[in-house]
Amino acid sequence: MREYFFMVVKNSLRSRRRTTLTIASIAISLCLLTLLLAVYRALFLAPEQTSGQALRVVTHHKVSLTQDLPLSYERKIEQIPGVKAVTSLRWFGGVYKDASDPRNQFARFAIEPSEFFKVYPEVELPEQQALAFQEQKTACIASRALAARLGWTLGEQIVLVGDTTPITLELSLVGIFDEPGNTSVLYFNRAYLEDSLPPGDPRRGAAQQYYVETQSKDDVPRVASAIDALFENSPAPTMTESEHAFMLSFMSFLGNVKLFLMAISCAVTFTILLVSANTISMSTRERFREVGILKTLGFSRAEILMIIVGESAVIGLAGGALGCMSATLLCTAIARAAGHGSNFLQILKSLAVTPAMASLTLVVAVAIATVSAFVPALSAARTSIVESLGHTG
Amino acid sequence: MKIPIAYNLRNLAVRKTSTLMTAIGIGLTVAVLVSALALVNGLRTAFQNTGNPLQILALQKGSRSELGSFVSREKFDQLSSLEGIARDHSSNVLASLEMVQVINLPSVDSPKGMNVTVRGLSPSGVEMRSVRLISGRWFQTGQREVVVGKGVAKRYPRARLGQHLRFGKGDWEVVGIMDGGQSAVNSELWGDLNQISSDYNRQGNLSSVLVRAADATAVPTLIGAINDDLQLGMSAMPEAEYYTKQTSAGAPIEFAGIFIAVIMAVGSSFAAMNTMYAAVARRSKEIGTLRVLGFSRGSILLSFLIEGLLLSLLGGAMGCLLVLPLNNVTTGVGNFVTFSEIAFNFRVGLATMSIGMLFAALVGSAGGLFPAWSAARKSILEALRES
């Protein structure tokens, strides 16, 4: 066995240029394939949830996030059995300093300081800061990522000028919180927003999202459908879903992503098949005469088949490993970049190459290389000694 | 002296399998690129064909979309009395107060529902746009009736002629299907302004104003007049510009398509390089003979480069053919400006295909250069001696 392996390795090193090019070509295609698999997983296979996320659902207007829900819904949702706590969020569209600088764009929500922390246990704010946030109407809190990005410290005065709402909010930073998502977000007291809006403004007494915490994990589906059923025939029907599904709905907005990923993956896999089949058949054809010599030396057909297919498998494995490694690097880079964004790309934060995915890629690489080597190898093994010795490259 | 191209063509034909395999690899790469470009091209066509160059869209100051804009009837009256607005034959000003809402309908692609724009307008608003009814009739004022764009009728089974849709405070009947050429109108539902606004309790609180300027020179003047009127509190822009900006909806797909195509291209140029190196190795004696006959190193280099190029162009042509059936297929993408879906057709045009072929040629020259170089560098004796 060992000498076979030795021959396989020697053979693959014979035309170094060709082997390198083939490995590089397979590696690039497999890197792409792994990346697509990772994106598919991040989007469509439920990622691991924090214990808070598993208990939470988001309720928003059935049509879109931009449409308001009456604040009265909060009390109605609270009455539903299985609901532990409800809190409302309202996006504030406005400008911080110079809007043309992308660093100044971040998510900002008006929230209810008392309820919010019940539903969001993973938001960690020192007790004293939480207290200050509840007491002062113009107080706001920022995530550590945001504070670090804009160099904010406690006591910072933050002015947000509304765009469609003709109001200016003058906020002071009383707390900096930690949360596992590491997103850039600012929260302020919704009472301040309500009081600043002119009387009669349609945005008064309205929220855009309700975050609902259930008693237990098993209550989640029942609570979600109970909420939607409650408001189905009202002027503002709702859609309640998990946080992940909620983010995914932004993604599906980009078109038929699933189909897109599938189609490209198929194209890529087929391309690797072509590339490796082409190379292997080239190298086998070149070696027809050698096969004759091996046969005169007493090598059996099966052994010759194994040597040629083995060579291809080694090349495939090398390409697969290299592809996997580069995909891992790419995924890490994309995930890091997505984590800093404040929009729907957040969903790509969990982008990663799992061990299962890596093994799948390697299996695909070896399988494709083996399959594509099989036909030329078989025809080489079958050729008679005289014929192959008479072959002129 | 030049080596005839027929020599390259025959060589490619002799190595059928390896030529075909390499070409199909390049073809698939080109297909990915061309389909992404065709999608963006279709989207761009839809937005660019929307908007009359004489028309101006006015929104509440600060809002970037009709959806986030609130305009009262008083403001509309104030705006309509500005100078420079065109008049129709019965000398009414051509200005239309409109309300835009988004509703959710299950579509062919996503049964969970996609968002569609509903526009409430008056007869003058319909008149100001170049739309034509392809079946049914126009909606009547004071009735819960809508006319749907042809893209909507195609993609949303519940929005076909004669069906009833539930939104606002009741059931709306689909009474007609309209054709807005290739414009964004095809992705909208239109109904009576008063009926829609009262269904959403927004009689005094509408979305936007569309006005037509008397002539081309009046367009900038009118825009200036609207923007400078502080009491009005509105901002105006050419209607066409508003829609052109929305082309960015296709940016993520365009980016992903180009990104993937470029990665695939590197892979397939390596494959092309392999094939061409094999060709050079196999024809070593031929190269020596050609040199003996007096062909220069330069013409050998050129000949192999051309062969690589022909190989990739064959692939490029296959890729374009593969994508051609996509032409005019209707699809939709979400638009973050209007928070609704825009339906449009893939457009595989001459320009997209040329880019695809150019891309293939690039892959071919990248893959062919080094092998051609190594072929040209061989000394005559060395080349003749190689088996």
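Rules used throughout
Residues numbered from 1 in each chain as written. Chains lettered and ligands numbered in written order. Predicted model: local features only at pLDDT ≥ 70, side-chain atom pairs only at ≥ 80, totals over all residues. Helix = DSSP H or I, 4+ residues; strand = E, 2+ residues; numbered from the N terminus. Rg over C-alpha atoms; globule rule 2.2 N^0.38 Å. Buried ≥ 20, exposed ≤ 12 C-beta atoms within 10 Å, placed from the backbone. Contact = placed C-beta atoms within 7 Å. Core = buried A, V, L, I, M, F, W, Y, C linked by C-beta atoms within 7 Å. Nonpolar A, V, L, I, M, F, W, Y, C, P; charged D, E, K, R; others polar. Pairing = 2+ DSSP bridges. Axes fitted to C-alpha atoms, helices over the stretch in contact; angles between N-to-C directions. pLDDT = per-residue confidence, 0-100. Domains from an automatic or database assignment. Parallel < 35°, antiparallel > 145°, perpendicular 65-115°, else oblique. Left-handed = near helix turned anticlockwise from the far one by under 90°.

### Details of the overall build of chain A
Logical step 1: Of the regular secondary structure elements, chain A holds 15 helices and 12 strands.
Logical step 2: In terms of C-alpha radius of gyration, chain A reaches 30 Å, well past the compact-globule figure of 21 Å for 393 residues.
Logical step 3: Seen along its three principal axes, the alpha-carbon backbone of chain A occupies a region of about 100 × 45 × 35 Å.
Logical step 4: When the 393 residues of chain A are sorted by exposure, 39% land in the buried category.
Logical step 5: The long-range fraction of contacts in chain A, counting pairs at least 24 apart against all pairs at least 6 apart in sequence, stands at 81%.

### What to know about the overall build of chain B
Logical step 1: Scanning chain B from N- to C-terminus turns up 13 helices and 12 strands.
Logical step 2: Over its C-alpha atoms chain B spans a radius of gyration of 29 Å, topping by over 25% the 21 Å that the globule rule assigns to 387 residues.
Logical step 3: Taking all 387 residues of chain B together, 51% fall into the buried category.
Logical step 4: Within chain B, contacts between residues at least 6 apart in sequence are counted, and of these 83% link residues at least 24 apart.

### Some details on the nonpolar core
Logical step 1: Core analysis: the biggest nonpolar cluster contains 170 residues, and A:Ala38, B:Val32, B:Val34 and B:Ala58 have the highest contact counts within it.
Logical step 2: Looking at which element gives the most residues to this core, the answer is helix 2 (residues 16-48) of chain B, with 18 residues.
Logical step 3: Contact partners of B:Val34, with chain neighbours within four places excluded, come to B:Gly319, B:Cys320, B:Val323, B:Val348, B:Thr352, B:Met353 and B:Gly356.

### Digging into the interface of chain A and chain B
Logical step 1: Opposite the 34 residues of chain A that make contact, chain B presents 42 residues.
Logical step 2: Among the elements that make up the side of chain A that touches chain B, the one with the highest residue count is helix 11 (residues 257-286) of chain A (11 residues).
Logical step 3: A per-class count over the side of chain A that touches chain B returns 17 nonpolar, 13 polar and 4 charged.

### Some words on unusual backbone geometry
Residue and element names in this part refer to chain B.
Logical step 1: Residue Ser91 is not a glycine yet carries a positive backbone phi of 55°.
Logical step 2: On the secondary structure map, Ser91 appears in the loop between helix 3 (73-80) and strand 2 (95-105).
Logical step 3: Its 6 C-beta neighbours within 10 Å are what place Ser91 among the exposed residues.
Logical step 4: The residue Asn201 is not glycine, and still its phi comes out positive at about 55°.
Logical step 5: Along the chain, Asn201 turns up in the loop between helix 6 (193-199) and strand 9 (208-212).

### Comments concerning the environment of B:Ile380
All names here are of chain B.
Logical step 1: As for its position among the elements, Ile380 is in helix 13 (residues 380-385).
Logical step 2: The sequence separation of Ile380 and Thr289 amounts to 91 residues, and the corresponding C-alpha distance is 7.8 Å.
Logical step 3: Once you skip the residues sitting within four places of it in the chain, Ile380 turns out to touch Gly288, Arg291 and Val292.

### Focus: the sheet that holds strand 4 (residues 94-96) of chain A
All names here are of chain A.
Logical step 1: As summarised here, the arrangement of the 10 strands in space is 4-7-8-6-9-5-3-11-1-12, forming an open sheet in which the pairing is mixed. Edge positions in the sheet fall to strand 4 and strand 12 (238-241), since each has one partner strand and no second. For this sheet the average axis-to-axis angle between neighbouring strands, irrespective of direction, equals 35°.
Logical step 2: Of the strand pairs in this sheet, strand 3 (residues 83-91) and strand 11 (residues 209-214) are connected by 6 bridges, and their pairing is antiparallel. Across the sheet, the residue bridging to Ser88 is Tyr210, located in strand 11.
Logical step 3: Against the sheet, helix 6 (residues 127-135) makes contact with strand 6 (139-143) and strand 8 (168-177), and its axis sits at roughly 160° relative to strand 8, the strand it touches most.
Logical step 4: Against the sheet, helix 9 (residues 220-231) touches strand 1 (56-61), strand 3, strand 11 and strand 12, its axis set at about 175° to strand 12.

### What about the confidence of the model for chain B?
Logical step 1: Taken as a whole, chain B shows an average pLDDT of 88; of its residues, 99% reach a score of 70 or greater.
Logical step 2: Both confidence scores are given for the complex: pTM 0.79, ipTM 0.77.

### Some details on the domain arrangement of chain A
Logical step 1: Domain boundaries assigned for chain A yield domain 1 (2-47 + 255-389) and domain 2 (63-236).
Logical step 2: Distance between the C-alpha centres of domain 1 of chain A and domain 2 of chain A: 49 Å.

### Here we look at the packing of helix 2 (residues 16-44) of chain A against helix 9 (residues 251-282) of chain B
Logical step 1: Put simply, helix 2 of chain A and helix 9 of chain B touch, their axes get as near as 9 Å, and they point 160° apart. Comparing the axis directions of helix 2 of chain A and helix 9 of chain B gives the class roughly antiparallel. As helix 2 of chain A runs across helix 9 of chain B, the sense of the crossing is left-handed. Contacts from A:Arg17, A:Arg18, A:Leu21, A:Thr22, A:Ala24, A:Ser25, A:Ile28, A:Ser29 and A:Leu32 in helix 2 of chain A reach B:Ile260, B:Ile263, B:Met264, B:Val266, B:Gly267, B:Phe270, B:Ala271, B:Met273, B:Asn274 and B:Tyr277 in helix 9 of chain B.

### Re the pairing of strand 6 (residues 164-167) of chain B
Residue and element names in this part refer to chain B.
Logical step 1: Here strand 6 shows a clear split, with Leu165 and Phe167 buried on one side and none of His164 and Arg166 buried on the other.
Logical step 2: Bridge analysis of strand 6 against strand 7 (residues 170-179) gives 4 bridges, and the strand direction is antiparallel. Its bridge partner being in strand 7, His164 is matched across the sheet by Glu173.
Logical step 3: In this structure, the hairpin formed by strand 6 and strand 7 is closed by a connection of 2 residues, where Gly168 is found at a positive phi of approximately 65°.

### Regarding the domain arrangement of chain B
All names here are of chain B.
Logical step 1: If you check the domain split of chain B, you get domain 1 (5-47 + 248-385) and domain 2 (62-232).
Logical step 2: If you average the C-alpha positions of domain 1 and of domain 2, the two centres end up 46 Å apart.
Logical step 3: Contacts between domain 1 and domain 2 engage 12 residues on the former and 17 residues on the latter.
Logical step 4: Within the residue set of the side of domain 1 that touches domain 2, elements represented by two or more residues are helix 2, strand 11 (330-335) and strand 12 (340-345).
Logical step 5: Per-class residue counts for the side of domain 1 that touches domain 2 are 6 nonpolar, 5 polar and 1 charged.

### Details of the packing of helix 9 of chain B against helix 12 (residues 350-377) of chain B
In helix packing, the relevant descriptors are the interaxial angle and the interaxial distance, both defined with respect to the helix axes.
Residues and elements named next belong to chain B.
Logical step 1: Look at helix 9 against helix 12: their axes get within 8 Å of each other, and the N-to-C directions meet at 35°. Note that helix 9 runs across helix 12; the crossing there is right-handed. Residues Ala265, Ser268, Ser269, Ala272, Met273, Met276, Tyr277 and Val280 of helix 9 lie in contact with helix 12, whose contacting residues are Phe359, Val363, Gly364, Ala366, Gly367, Gly368, Phe370, Pro371, Ser374 and Ala375.
Logical step 2: Residue classes in the contact of helix 9 with helix 12 are distributed as 12 nonpolar, 6 polar and no charged.

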